[in-house]
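For reference, the chains in residue letters:
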Amino acid sequence: MKKLLSLLVPALLLLALLPATAQDKLGKSLDKIIDQMDKGRNAPGGTIAVSKGTTPLYSRSFGSADLEHTINFTENTITESGSVAKQFTATAVLLLVNDGKINPEDDIRKYIPELKYYGDTMRVRHLLTHTSGLKDWGVLFAMAGAPRGTKAYTMKQALDVIYRQSGLNFPPGTQYSYSNSNFIVLYEVVQRVSGMPFTSFCKQRIFDPAGMSHTQWRDDFRNIVPGRAQAYGYNKTEKRYYLDMPFDHVIAAGALLTTSGDMLNWNRFWARKGFGEKVSVLRITPGQLKDGRNIHYALGAVFVNPVQGANCISHAGLTAGYRTWVAYFPETDITIVVLCNGVEKIPTEEIAAAVLENDNGATKKKKSVKTWPLRDEQVKAYPGTYAAIRGHHIIEIEKKNERLYFATGAELLAMTKDTLTTGSRKMVYSADNNSFLSVTGEDTVTYRRVFKTNVNEAQLAAYKGTYYSSDVQTTVNLQVRNGRLYFVRYPATNAALSPAYLDAFFMGNDLIKFAIDAKQTITGFYLSSGTGRADDVFFRRSSQ
């Protein structure tokens, strides 16, 4: 025994002196990040889980799942996933594709004839990849004066407002613009094609096979769900937390209740191609626009693009106070799951960097963009105000010390003769149209030069009147008071408008553009949301 101890003690001392393992380093790196999110037991919290294949690498829970009862957040806490849910709806569609019951190229009206024909074919794949042009149902209700959270909306109400729209944000397949309406419609497609309730189809064909025993759709927010985390917001003025829960019955675009363990199982199931080769390939097939350009949003409702230089399949979620992120790195077989119930933001890039750098330096160096200073003629020609031809957005380019900047402060540098960049955004100038084509990630928008104008009270009187939108079934009165134009909408909107440019006004982050006919008569206005998810909703003038 003494001889054994004499051999064992030096060995243990040697182990103590060895460098920390990669897993220990990962733990320390992630702990530093999570420490910044962890505000203690009297604040909302979350859980993070990291695995490589079937091997757990890191797991930590922090904060409270329920502040009223001071219940700790754990790895078994049930949390709402936000838009991470979309990939489950997409998977349901892809399984029906695999069954030979749906073709991604099918006209969506084959299954949903209630949708209007907008002059071009809207295909199933357009909805899967947010390229349909459908306006976001929640934003449309906000335009009616009752945003999400103020009413307990149902699937029927969401579908009805989608079917009612007289126009799209853009022709199908021409642009990418994130809209929850796509997955509300796909919910109905799954039910009609499968002949099963959507929730039953998902349990039978998705949750059970993937080993997700704690996962369900929140199709009735009144149901009691043992072990569920409450969601919270934070009032910075009063320095207090408040309940911020998604009180509606709308699912498929969100509203999935799950745990970190179930989400690890989900990615593990995909890694071993649990749904078969065809569905696995379809899931990561990128969406494609009419001009032939591929986008990073794939048919499986996941982003397939580099994160910290490594190939990644991921999606984030945000619903009320819930924040989530689920990522899979196929080259290293690493999964990251983060579920939270009240943190302001999940530092996804920092978490990914910590995980990948500890996995044998898996991160890849990002390619730098070559730029050079602008030419004199560019500095002279480009300053001004430009308005998006679709939607609400305005950009201002300013000249400072012979250099160009956005009004937000980002500097513009030249990439080519007619292409500028801020690093994350490209701006391609067209002298013929005096416009810029802006490319940010997947989104492409044309901005045309406009000219700001001052409007006096006498000129404002021309805009007064009553306006009605059949798209959102809402009446608005525009009134002039004390030299300002006011937007008045039942039950509680009384907003002062600010001039944006000729015949256009800001209402907070939203934009109102007046429609003027050949006789210079104001016939109505177009309301575009500051979210970018519902553009040019028309309100027709009924009286002055």
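This is a predicted model, so every value here is computed, not measured.

About the criteria used
Residues numbered from 1 in each chain as written. Predicted model: local features only at pLDDT ≥ 70, side-chain atom pairs only at ≥ 80, totals over all residues. Heavy atoms only, no water. Helix = DSSP H or I, 4+ residues; strand = E, 2+ residues; numbered from the N terminus. Buried < 20%, exposed > 50% of the residue type's maximum accessible area, 1.4 Å probe, protein only. Pairing = 2+ DSSP bridges. Core = buried A, V, L, I, M, F, W, Y, C linked by side-chain atoms within 4.5 Å. Contact = heavy atoms within 4.5 Å. Axes fitted to C-alpha atoms, helices over the stretch in contact; angles between N-to-C directions.

### As for unusual backbone geometry
With an omega of 5 degrees, the peptide bond between Tyr490 and Pro491 qualifies as cis. Tracing the chain through its elements places Pro491 in the loop between β26 (484-489) and β27 (493-496). A positive phi angle, near 55 degrees, is found at Lys239, a position not held by glycine. For Asp503, which is not a glycine, the phi torsion comes out positive at approximately 65 degrees.

### Section: the pairing of strand β30 (residues 510-516)
In terms of residue burial, β30 counts as a mostly covered element, since five of its seven residues are buried. In this sheet, β30 lies alongside strand β29 (residues 504-507) in antiparallel orientation, the contact comprising four bridges. Pairing of Phe506 across the sheet is with Leu511, part of β30. Adjacent in sequence and paired antiparallel, β29 and β30 are bridged by two residues, among which Gly508 carries a positive phi angle near 65 degrees. Direction of pairing for β30 relative to strand β31 (residues 522-528): antiparallel, over a ladder of six bridges. Paired with Ile516 across the two strands is Ile522, which belongs to β31. Between β30 and the antiparallel strand that follows it, β31, lie five residues; Gln520 among them carries a positive phi value of about 65 degrees.

### Considering the pairing of strand β16 (residues 384-388)
Of all five residues making up β16, four are buried, and the element is well covered by its neighbours. Sheet topology places β16 next to strand β17 (residues 394-400); four bridges connect them, and they run antiparallel. Among the inter-strand pairings, Tyr386 is bridged to a residue of β17, identified as Ile395. Across four bridges, β16 lies against strand β23 (residues 443-450) in antiparallel orientation. From the neighbouring strand, Ala388 faces β23, where its bridge partner is Tyr447.

### Thoughts on the nonpolar core
In summary, soluble globular proteins display a tendency toward joint burial of nonpolar side chains. In terms of nonpolar packing, the biggest core is built from 95 residues, with Phe514 and Phe525 touching the most fellow members. Those residues within four positions of Phe525 in sequence are excluded, and the remaining contacts are Tyr467, Val476, Leu478, Phe487, Ile512, Lys513, Phe514, Ala515, Val537, Phe538 and Phe539.

### Quick look at the sheet that holds strand β19 (residues 411-414)
Strand order in the closed barrel formed by eight strands is β16-β17-β18-β19-β20-β21-β22-β23, with antiparallel pairing between adjacent strands. Averaged over all pairs of adjacent strands, the angle between strand axes in this sheet comes to 35 degrees, irrespective of strand direction. Here strand β21 (residues 426-430) runs beside strand β22 (residues 435-440); their pairing, made up of five bridges, is antiparallel. Residue pairing for β22: Tyr429 is matched across the bridge by Phe436.

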